[in-house]
Amino acid sequence: MDKVNLVTLSDPQAPATEAYRALRMNLAFTSLDKPLETLVVSSPAPDETKSPVAANLAIVMAQAEQRVILVDVDLRRPRLHQLFGVSQEPGVTTVMLSQVADATALPLVDTPVPGLRLLPSGALPPNPAAIFASKKMQHLLTQLKAEADVVIFDAPPVTVAVDASAMAAQTDGLLLVVRAGHTRRDRIEQAKEMLAHSRVRLLGAVFTDASGGGLLTGY
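Calculation criteria
Residues numbered from 1 in each chain as written. Predicted model: local features only at pLDDT ≥ 70, side-chain atom pairs only at ≥ 80, totals over all residues. Heavy atoms only, no water. Helix = DSSP H or I, 4+ residues; strand = E, 2+ residues; numbered from the N terminus. Buried < 20%, exposed > 50% of the residue type's maximum accessible area, 1.4 Å probe, protein only. Contact = heavy atoms within 4.5 Å. Areas by Shrake-Rupley, 256 points an atom, 1.4 Å probe, with all protein chains shown as cover. Lys, Arg positive; Asp, Glu negative; His and termini not counted. Charge placed at Lys NZ, Arg CZ, Asp CG, Glu CD. Axes fitted to C-alpha atoms, helices over the stretch in contact; angles between N-to-C directions. Parallel < 35°, antiparallel > 145°, perpendicular 65-115°, else oblique. Right-handed = clockwise from strand over helix to strand, strands pointing away. Polar contact = N/O pair within 3.5 Å; in protein donor to acceptor, adjacent residues only side chain to side chain. Expected span 1.5 Å × (residues − 1). Arc of directions from axis to C-beta. Core = buried A, V, L, I, M, F, W, Y, C linked by side-chain atoms within 4.5 Å. Salt bridge = Lys/Arg side-chain N within 4 Å of Asp/Glu carboxyl O.

Engineer: I keep staring at the overall build of the protein chain and nothing clicks. Help me out?
Structural biologist: Secondary structure summary: the protein chain contains nine helices and eight strands in total. Referenced to the eigenvectors of the C-alpha coordinate spread, the extents of the protein chain come out at roughly 50 × 40 × 35 Å. Out of the 219 residues belonging to the protein chain, those deemed buried represent 53%. At a minimum sequence separation of 6, the contacts of the protein chain that also span at least 24 residues come to 78%. If you sum the accessible surface of the protein chain, you get close to 10,000 Å²; carbon and sulfur atoms cover 53% of it. Each charge class in the protein chain can be summarised by its mean position, and for the 20 positive and 22 negative side chains these summaries are 4 Å apart.

Below you can see the structure in the form of structure tokens.
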């Protein structure tokens, strides 16, 4: 398990851990009328902090006694299996290629965090975009929602592929991860335009590598 990136597990008292708890609360307050059941975590451009944000957010939600499923739908550069030290297969693409009829048959992986389960990416497909447009993905989303209070999807960068927008359009919204001093402003604007075009609800932005080593959130 990657203790460096999973700070909410390795150092519960760290400022970054407190920032993730604040992020969880901020997301809860953005959806008082209808609690978030599904959300996508993505970034404007390739960014190695995107997946740790998704993972740490999932951890603090589970620690708050929610049933959480974390799903790796970055079918181009999956990373969640590495963060949690588990096998990449079976996973999302395994389900897409099978005739899984019910949620109990999903290849969910238990994590050291009570209440948090992981669905890795599975083998990488030749055409990831086709996965997100399929009826099977819609069915998988329904299955996952039946098994959890919150389902978090770690998706590819918004401006690199249509995958994130296509996935987020089927969920309650998208959280954009922006790396301070790294992500270009034009990429952020391009991502916002693409999300608006797809009618994706932008839940807010998380700024990583902010001064002080924590997170900054914007809504």
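Engineer: Before we go on, may I ask you to explain the packing of helix H2 (residues 15-30) against helix H3 (residues 50-63) in this structure?
Structural biologist: Helix-helix packing is described using two parameters, namely the angle between the two axes and the distance between the axes. Remark: H2 packs on H3, axes separated minimally by 9 Å, with the N-to-C direction vectors making an angle of 75 degrees. By the angle between their directions, the pair H2 and H3 is classed as roughly perpendicular. Across from Tyr 20, Arg 21, Leu 23, Arg 24 and Leu 27 in H2, the residues of H3 making contact are Pro 52, Val 53, Asn 56, Leu 57, Val 60 and Met 61.

Engineer: What am I meant to see in the pairing of strand S7 (residues 202-208) here?
Structural biologist: For a regular strand, the rule is simple: side chains alternate between the two faces of the sheet. Across the seven residues of S7, five count as buried, placing the element largely inside the fold. Taking the sense of rotation as the criterion, the β-α-β connection linking strand S6 (residues 174-179), helix H9 (residues 185-197) and S7 turns out right-handed.

Engineer: Is there a simple way to explain the side chain of Thr 208 in this structure?
Structural biologist: With respect to the secondary-structure elements, Thr 208 resides in strand S7. Taking relative accessible area as the criterion, Thr 208 reaches 5% and is therefore assigned buried. There is a polar contact of 3.1 Å between the side chain of Thr 208 and the side chain of Thr 49.

Engineer: Just checking my understanding: could you explain helix H7 (residues 135-147) for this structure?
Structural biologist: Every α-helical turn comprises 3.6 residues, leaving residues that sit three or four positions apart pointing alike. With 13 residues, H7 extends 19 Å between its outermost C-alpha atoms, agreeing within 8% with the 18 Å of an ideal straight helix rising 1.5 Å per residue. Among all positions of H7, only Met 137, Leu 140, Leu 141, Gln 143 and Leu 144 are buried. Viewed along the axis of H7, the buried residues span an arc of 165 degrees, placing them on a single side of the element. The exposed set on the far side of H7, more than 90 degrees from its buried face, consists of Lys 135, Thr 142 and Ala 146.

Engineer: What is the right way to read unusual backbone geometry from this model?
Structural biologist: It is generally the case that most residues other than glycine have a negative phi and that most peptide bonds are trans. In this chain, Glu 89 is followed by Pro 90 through a cis amide linkage whose omega measures 0 degrees. You can see Pro 90 is positioned in the loop between helix H4 (80-84) and helix H5 (92-97). Of note, the phi angle at Glu 65 is positive, near 70 degrees, even though the residue is not glycine. Counting through the fold element by element, Glu 65 comes out in the loop between H3 and strand S2 (68-72). The exposed category is assigned to Glu 65, whose relative accessible area is 74%.

Engineer: Before we go on, may I ask you to explain the nonpolar core in this structure?
Structural biologist: Most often, soluble globular proteins have nonpolar side chains that are buried together. Core analysis: the biggest nonpolar cluster contains 33 residues, and Leu 27, Leu 57, Leu 70, Phe 84, Leu 116 and Ile 152 have the highest contact counts within it. Among the elements that line this core, the one with the most residues is H3, at nine residues. Setting aside residues no more than four positions away along its own chain, Leu 70 makes contact with Ala 54, Ala 55, Ala 58, Leu 80, Phe 84, Leu 116, Arg 117, Leu 118, Leu 119 and Ile 152. If you look at the next biggest cluster of nonpolar residues, it comprises 32 residues, including Val 92, Val 95, Ala 155 and Leu 174.

Engineer: What is the right way to look at the pattern of salt bridges in this model?
Structural biologist: Charged atoms that come close allow side chains of opposite charge to pair. For the coordinates displayed, the defined rule picks out 10 salt bridges. The residue Arg 21 makes a salt bridge to Glu 18 at a minimum N-O spacing of 2.4 Å. Placement of both Arg 21 and Glu 18 in helix H2 is noted, with a separation of three residues, approximately one turn of the helix. Glu 18 sits in the partly exposed class, given a relative accessible area of 39%. Each of Lys 50, Asp 74 and Asp 154 takes part in a single network of salt bridges with overlapping partners.

Engineer: Got a minute to help me understand the environment of Phe 153 in this structure?
Structural biologist: Along the chain, the position of Phe 153 falls in strand S5 (residues 150-154). A relative accessible area of 0% places Phe 153 in the buried class. Separated by 79 residues in the primary sequence, Phe 153 and Asp 74 place their C-alpha atoms 8.5 Å from one another. Residue contacts for Phe 153: discarding those within four places in its chain leaves Thr 38, Leu 39, Val 40, Val 41, Val 71, Val 73, Leu 141, Leu 144, Met 167 and Thr 171.

Any link to function would need more than the numbers given here.
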